[in-house]
Structures are given as C-alpha cells and as structure tokens.
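# Breakdown of the fold
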Amino acid sequence: MYSPQIILEAALNGLMTGAVYALIALGLTLIYGVLHIINFAHGALLTCAMFAVWIAWAWLGLDPYLVIVPLVPLMFVLGYGLQRFVIGPASHGDDGNILLVTLGLSIVLENVLLAVFQSDTRTLDTDYSFQVVALGPLLLSFPRVIGLAVAVVVTGLLWLVLNRTDTGKAIRAVAKEKLGANLVGIDVPHVYAITFGLGCACLAVAAGLLMPTFYVNPRIGSAFVLVAFTVVVLGGMGSLPGALLGGLFIGVVESLCGLFLGDSLGQIGIFLIFIAVLLVRPTGLFGAKA
Amino acid sequence: MGRSVQDSAPFGISRRTVLKAGAAAATFATVPVAAPSILRAQTPAVKIGILQPVTGALAHDGDLGRLGAEMAINEINAAGGIKSLGGARIEMVFGDARSTPEAGTQEVERMQAEGVCAIVGGFASPICLAASQAAARYDLPYLVDVGVSDQIMARGLTNTFRFSPGFGKVTQVALDNLTRINELAGKPAKTVVLVHEDGLFGSGLAKLLQAELPKRGFEILETIAHPTPARDMSNVALRIRSLNPDLVIPSNYYGEFVLLARTMQQQRIKPKGVYAVLGGAASNGRFVKEFPQAAQNVIDCNHWHDPKNPKALALRKAVEGQGKSFAYNVPLNYSNLLLLADAIERAGSADRKTIIEALNASTFAGHIMPYGPTKFVNGQNEGATPINTQIQGEDIKVIFPESVAEAKVNFPAA
Amino acid sequence: MTARDLIPIAVLAVLAALLPLVVTSSPVMNFLVFTLIVALGAQGWNILGGFGGQFSFGHAAFFGTGAYVTAILQMRYGVNAWAGLLLAAAAGAAVAWAIGFLSFRSGLRGSYFALVTLAFAEVFRILANATPVTGGAAGLLIKLEVHPANLQFADRAVFYWLVLAFVTGVLLLTRWIQRSRFGAQLVAVRENEDAAKALGVDSLKVKLRAIALSGAVTALSGCLYAQYFLYIDAHIAYGSWISVELLLAPIIGGVGTVFGPVVGALTLHGLGELAKQFAGRIPGIDLIVFGSVLVLAVAFARGGILGLLERLRDRGRGLVARGAKEVSHAGR
C-alpha cells in the first residue's frame, strides 16, 4: 500500500526520533542501574530543561544547540542537589518512598512551571529547524540527523566515563555492591548524587536536540516519560547499550505503527510491548540478568 | 426530551424558591462560606459568572476568553451599567474551569452560591456540557461561548443558550463555502486528505466530513487521526506526500497544527490548498507572527468577528495593544456579554426566569459577530455562522462570503 | 470485631451524616461529595497498597471501568442506575483480578508492579478514547433526570449521604480485614513475602483477593463519580490524575490504616481549597501543595498524618523534645 520509499523514510524517521528517546532513557536507566530507583520526576526534569533552552533562545537569543553547553553542567548540579538534599534524605533509602518522593517532585515541578509559564505551548524557530538533508530521494530532517549523531556520541561518552574514570569506577562499584563500596571508603550518597546528576545532564542534551523542531509546555514531559520507561524496561533496566538500542527500536516501532495503524492507535503498540516485556521478561530484551 | 429539572424534582420546589429569592436579592446577597471578601460598591451590582479554563491544557484560550468578557463588562459599566436596574454595575464572578469538566461544575456551584444571575463561558465542549448541566439544576442561564459540540444543545436544557454556531452548522457552511470557492477557481481540487486529532472535536468533525465530502464531488483519499499532544508529524506528512491530495483538511489544536504545517513545509508538500475547519492555529495571530512561511495561504472556516464592524476592529486593536494575540474567542465572549447585558436590561431584573425569557425573545444586533440579529430557537442562535479567513502576508483576512470579505481568496495557492 | 473497633467508625459516620443539617452551602457540599468520592477510591487503593504493600500507579483502570460500566449500561442498555452500581463494582473486581493475575503470576512487585499498572491504565485510556461503545472521544453524558431511581437527587445532601454510606461501609470492611485472618496474611505478604510463603500462606491467592476487593471499591467510586458529574470521557475516567489522587490520599493520611485514606483525602483537598483561596490566580497552586505535602509526608511523617498523631499522643507532653529530635533524625 505504501511505496518502499515511504516505508524506508518512516523507518528512518523512527530511528531518529528513537535516538532522542534513547537519550532520555539513558538518564533514566543510569539512575536505575545505580540507585535502583525509578525516577518519576524524569519527565518533569526534561520539561525544565526544555524551558531553559526556550528561555535562552527567547530572552538571550542563543541557539538551542549552543545552550546545551552551559545547560549540561546546570542540569548536573540540579540533579546532584535534588538527590543529595531532597530525594535521598526524604526517602530513607526505601524503594516505595523513592517512587513517591519523585512522584511528588514531578507534580511540584510541573505545576511550578505551569504557574510561571502558564500552559501556553511555546516553540522556537531557527534557520535549520526545518531544513532537510537529501539522501538520494529521501528527505531527512536536519535536526534529527544531528539528534541521532549526538545520541550515539553521548552514549559513547557516558560509557567512557563509566569505564575509564575513577568516578565511573566508583559508580559501577556502588551499582554492584553498595555495602562493599561503602567499606572501601566510597562516599555512597555522593556517588548516588553524581549518578543522578549525570542522568539529568543527559536530559539537557535531549532538550537542546528536541527544541529546534518540538514545542514545550509544562506537561510535555509526560508524553516522553512513558516512552522512556518502555525503552528502559525493553533495554534492560540499568543497561546503557540496552537503552540506546531500545530507544532506536521503539522509535522505529512507533513510526511504523503510526504509518500503518494511525498515530492514535499506534501509541498502544508501545504500551503493549511494555506490558508484554514486563510480564514475560522483566530483565529486558537486551538486559543483563537481574 | 426537554423535561426540565422542575417537573421531576420532588424536593425541588421549596429549595428552588429559596434559591430564587436569593438570586433576586443578588445585590446584597450575603454569601455563605466560600466568599472572598469582595467589598461591594455603593451602586447596586448584578453578578455575572465568567467561567473559563485559565489553567491546564486550555489556559491560553481561557485567558483570551476572560479578556473578551472583561472588556465588555468594563465597557458596559463605563457606559452607565444596567439602566433598568438603576444603573447597576456588572460584577464579574470569575471561575477557573481548570480545563476539566468537574472543575467547571465545581465553579458553577460556587457561582451559584455567590448569587450570580447567569454564567457565560466554558470554552471546550466537555466543560460546556458539564457546566451547563450543573447550572440547569438551578435554572441558572448559561451562555456557551465557544463549545461547538451538537450534544450541548441537543439535551433540551432550557437554561442553555449558544450564540455561536455548533458543529453541524460549521461543517455545513465550511463545505458550502469550500464547494463555492473551488467552483469559482474552476474546480482545481478533487482529492482530499483529512487530518484530525482523536479527541471529541477532531473525531466528530472528521465523521461529518467523511459523510458529506463525497456528496459534493470530493474524493477522500484517507483520514488520518493523531493524538494530542502529538510528538511528531513526520508520518502524517509522509502519508500525505505519498497520497498527493489536492486539498488537506486539518482539524486539530494549535501545537499540532503548527507542527503539521511546518513538517509539510519541510517535506516540500504543497497541496493546492490547506482548508482548516475550526482550525487550532489558522485563525490565530500568533501562528502568523511566528511562522509566516508555513502559515501562508492557509484557509480556515471558523468563528470570526465581522471585519466591517468598527467596534470589532477597535476591540482587536485594544487586545493587540495589550501585547496579546487576538483569537476568535475574544469577540465571542465580548459579544455574549453584550447580549446578556441587553437581556438583563430588558428583563429589568436579575431574576433567572425573567432573564431566560428575555434571552429567548432576544433580537440583539449590537454584537460584533457577522450573525445579524440574534434569534434563539431551542437555545441555539439561528443566525450564527462561521466565516472563511485566509492567512495572507502577515495578516488574517476574511475572504468569504463576499458580503463581508476583506480580500480575494488565493486558491489554488500560487 | 469488637465494640471498640466499631464505635469510632459509628461516631464519625453519625457526625458526618449530621453535617448537611449545619452546612447548607452547596459549594461546600459539592466539595465534600467530591472529596468523599476520592476518599472511597483511595480506600480501595489502600486495601491493596496499604495492607498488601503493592503500590499501584494505575488505579485509574478500576475507577474508569466503574465509571464507564455504569454509564454505558445506563445510557445504552437502560439498566437501572442502582443495579449499574453493583455491576460496576463487579466489573472493577474482574478487571483488577485479571491485571493482578497477569502481573503477580509473573512475580512483579515494587517498581515493576507500579509501572505495569500504569501501563494498563494507559492502554484502557487509549482504547476508551477510540472505541465507539464508550462514546469515543466525545465521552458519555448521563442524562439529567432528577429522580431517586436514577441516583439523581434534587438535594445534594442525599447524594452526600449515599457516598458517606459507602465510605462507612468500606471503613467497616477495612476494619474487618485488619482483624481477619485474610488481613493478617496480607500484611505478612507485605512485610516479607518469602517468609509468609514459608509459613504456608498462598501469597498469590491472598494478593489476588486483595486486588479484586480493591478494584471493586475503586470502581464503586468511579461509578459514583459518573453519577454525580454525569459526564465522563477517557481522560477523566482513565487519566493519570485519578491514579495519583487515589494513591496520595492514603499515603498522606496513613497508609495501611483504616481511617488513613479518608483523613488524607480531606486534608489534601482542604489544603488545595485553602491554597486556591489565597492564591487563586496562580494556576496549579493546589497541585503544588499536593506534591509538596507528599514529599514532606514521606520525609517527616512515615505513617502519614495518623502515624504522626499517634506518635505525638504516645509521647505525651514531656517527651515532645525527644520526639522532635527523632523526627529530625528521621529527616537525615
């Protein structure tokens, strides 16, 4: 019914959208892998980052890609502070409590943004927002191509940080054996906070990549966060390559479902995959053993 | 149908009598519990409830609706208030419907307790449906400002009035006008793709269009639904590109329409026309200002003020002077307030029954919509009609029907 | 159950029932009815989440099912509203049992269970928005026909009493659970599932009974919601807002206690209204309060308001200082 070219384009589109999902999921899965918590505030934090990008563009005239540079450390600090001074102390290390605290945070953040910015939908416009890269007969969106490339690079960088730096080693040690890490003198709360900060820094990158083509309003985070949960579960909670592959996979599935079933019902595909994976193989398709 | 609350309410009578007495004495009604300490002015006042979603998903629209109502109230008060009530001032009792039906209902209850004599607003159909029903319990007149769902008027509630056109009427006119515009241009458009959001508004419209378009010689190649909010319009654009229709008819909200228009521009899809019906962005000044290229030549069939009415133009100027973008619900709320004030003036009382009677008898023509004199039949204003606008250059111009047009239609888009 | 168990419930129910004689303002009645409907749904959540320790983030699935079943039966098949109430509860129990069966059998608990319930609720929402029988995106409107047979009363107080009766009924049910063998098993599963199993508790069966009961009660609240507001759509019935409301109330009030959900719902909505009175022009102010209260409750008042009160009572006056110290300690 559709020409192969259209299907190919849809798949490529999905792949590129999936890259951004992967970036968002990367933060989520990293936090899960180390802290073993599900960060419900992830979507709200993404919204914060997107608003930051928008503000920098609207008030200071900064290019959204450029904003990523200062925003990454800012989000890192925000994440570090949240975990160190709010989530950690408030939840007393209990799983259920962390869920609730992050849920509470997301409600607060979302509605503070609503109070400040109203629920207006905001967009920004750059010269390249709707430029295309012509690949033979295929027209690929320029910002999405950038998004795909950056997502791959960021995953690589994160992997390097975890495997080649002392901090990374500490993080992995805490992820594996919290008590032991504590015994050899690793400051566990500090490592937790660093991990949370890194997760938030990923959101800064995602926000900068999204804004040239997307819009922001105080509730937009929830549209992404459920997809990100799906990606994380699919890729195996805590697995970085899993998040990348899961994100790309979900992107393609969503895009093709959207093409054939319509975008409304296409969404259901994601949730059904999510439920099925949770029920059948909660460790994820690409995940390590739990 | 059409059984009012009164007929079937066993305890209704005594309670309602009490309430009504309260309403008649609205001027100095002591408000029971929830009343904020509004100091009452020396001159008598008539309280009117303004219900708008100023928080939540519809906050932007609700804000504009409130603005329209406020401007009308200020104007009426400045001109001496309601003369038949000794120059009574109109006092606005504002309620935030928070973009949900039950919040709307709660606000109606509060307004009832504060002794309003009528309510105007609602904006979205679900809010209008729920709020007007809540008001019906008290025989409280409810003027729907925008809600287009035909369900709203089909319930036979005697308290509910709609000054603006409903779904059926809008689609009818949209199709008639489209057929005419196409004929005048030499019938360049034959094939159509419908793109709609999957909520109450988009789905309902798509259903009507699917039934009606083929009768008028258009072939529907495909109907594409998408959720709100939508993350991505690439798929929709791809499908449109592969179908290559003459005409794209979108019905969705602001964010999604902008995304669609920009993605189509990106994918170099140039149909002969984009003809929105009750388009979310196509009649919105902001869209034109922010994305002039993507917006060019988009036609909309929507609520719009009479462009030849000097009062309407002054209103638009005043709104834009406040740095806000002008949209159709400003003049709609403005007109509704004038209409209501006229009814209260003629009723000579703040009694609900009398106001409802006065509304039913209304022939009000002092509003700024292209509707002519008002005439309510079962609560629906018969003269209400949408008109066609097109984004040309940096402005939204009325292009059809010819009687009110400011500019010539640019179709097929050059 | 002993008289000691029943007296506090009876006293509170009678006091609450007398309220409409004092309060005539309809916004206040309206507020109370809505809050009690939320409280009822939250009581349902509390059976599974509080006593059973299974935190659901998707109780909207049951709330919405109750609302839709009653509305569809009444509007499309002319079923009496009172009968619809029972059928809605049954449907809620069935849906809950099915979701429970799938997820508990796969051994999902903790965060995984929370996520899977959330996903189920979303699937229901998307389906309800797309299928014709639910009215699709247009939602369902229950006809306004004030008559006791239709569960519509001219006087708001009557509906208030009806909801109050259900809330009281569930208070009694919860008290019974607390005292029963089933309740003991449920708490055992919450505290340590493996240990409970070792003692011969069929944990799957216990959890399934809890989720079915929970679903039935929450479906009842959905049904009452539909009958009160007379309009539902997919977002109202299956939206995440209600899942969040139903979990907030017990956690704020006192999770796993009999009165917790009711106390929590009243506190939250009371605070929300207050916030709106003071800062009504700021959008979302009530939700900011909800979220902050949640974080504070988890941080400083484990066991919610009731837990806090109990601790204060136990300590007496002289020990307040020590109590404060402990709270700050807990906050670290």
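If you look chain C up in an unreviewed UniProt entry, it shows as Branched-chain amino acid ABC transporter permease from Azospirillum aestuarii. Quoted verbatim from the Subcellular location (unreviewed entry) field of the UniProt record, the comment on chain C reads "Cell membrane".

The name given to chain A in an unreviewed UniProt entry is Branched-chain amino acid ABC transporter permease, and the organism recorded there is Azospirillum brasilense. As recorded by UniProt, the Subcellular location (unreviewed entry) comment attached to chain A reads in full: "Cell membrane". Regarding chain A, the UniProt comment filed under Sequence similarities (unreviewed entry) reads as follows: "Belongs to the binding-protein-dependent transport system permease family. LivHM subfamily."

All right, on to the sheet that holds strand E9 (residues 273-277) of chain B then. All names here are of chain B. Pairing in this open sheet of seven strands is mixed, and the strands run E7-E6-E8-E9-E10-E13-E14 from one edge to the other. Among the strands making up the open sheet, the edge pair consists of strand E7 (219-226) and strand E14 (395-400). Neighbour to neighbour, the strand axes of the sheet diverge by 25° on average, direction disregarded. In the sheet, strand E10 (residues 299-302) pairs with strand E13 (residues 387-392) via four bridges, with the strands oriented antiparallel. Within E13, the position partnered with Cys 301 by the bridge is Asn 388. Packed on one face of the sheet, helix H7 (residues 200-212) meets strand E6 (191-197), E7, strand E8 (247-251) and E9 and runs near 155° to E6. Packing of helix H9 (residues 254-266) onto the sheet brings it into contact with E6, E7, E8 and E9, and relative to E8 it is tilted by some 155°.

So, on to the interface of chain C and chain A. With 38 residues of chain C in contact, the opposing surface of chain A contributes 39 residues. Here chain C packs against chain A, burying approximately 3300 Å² in sum over the two surfaces, 83% of which is carbon and sulfur. On inspection of chain C and its partner chain A, the count reaches zero salt bridges. If you look at where chain C meets chain A, you find three residue pairs in polar contact (both at pLDDT 80 or more). It is helix H5 (residues 110-130) of chain C that provides the largest number of residues to the side of chain C that touches chain A, a total of 13 residues.

About the criteria used
- Residues numbered from 1 in each chain as written.
- Chains lettered and ligands numbered in written order.
- Predicted model: local features only at pLDDT ≥ 70, side-chain atom pairs only at ≥ 80, totals over all residues.
- Heavy atoms only, no water.
- UniProt positions renumbered as here; feature names shortened; annotations may be inferred.
- Pairing = 2+ DSSP bridges.
- Helix = DSSP H or I, 4+ residues; strand = E, 2+ residues; numbered from the N terminus.
- Axes fitted to C-alpha atoms, helices over the stretch in contact; angles between N-to-C directions.
- Contact = heavy atoms within 4.5 Å.
- Buried area = accessible area lost by both parts, 1.4 Å probe.
- Salt bridge = Lys/Arg side-chain N within 4 Å of Asp/Glu carboxyl O.
- Polar contact = N/O pair within 3.5 Å; in protein donor to acceptor, adjacent residues only side chain to side chain.

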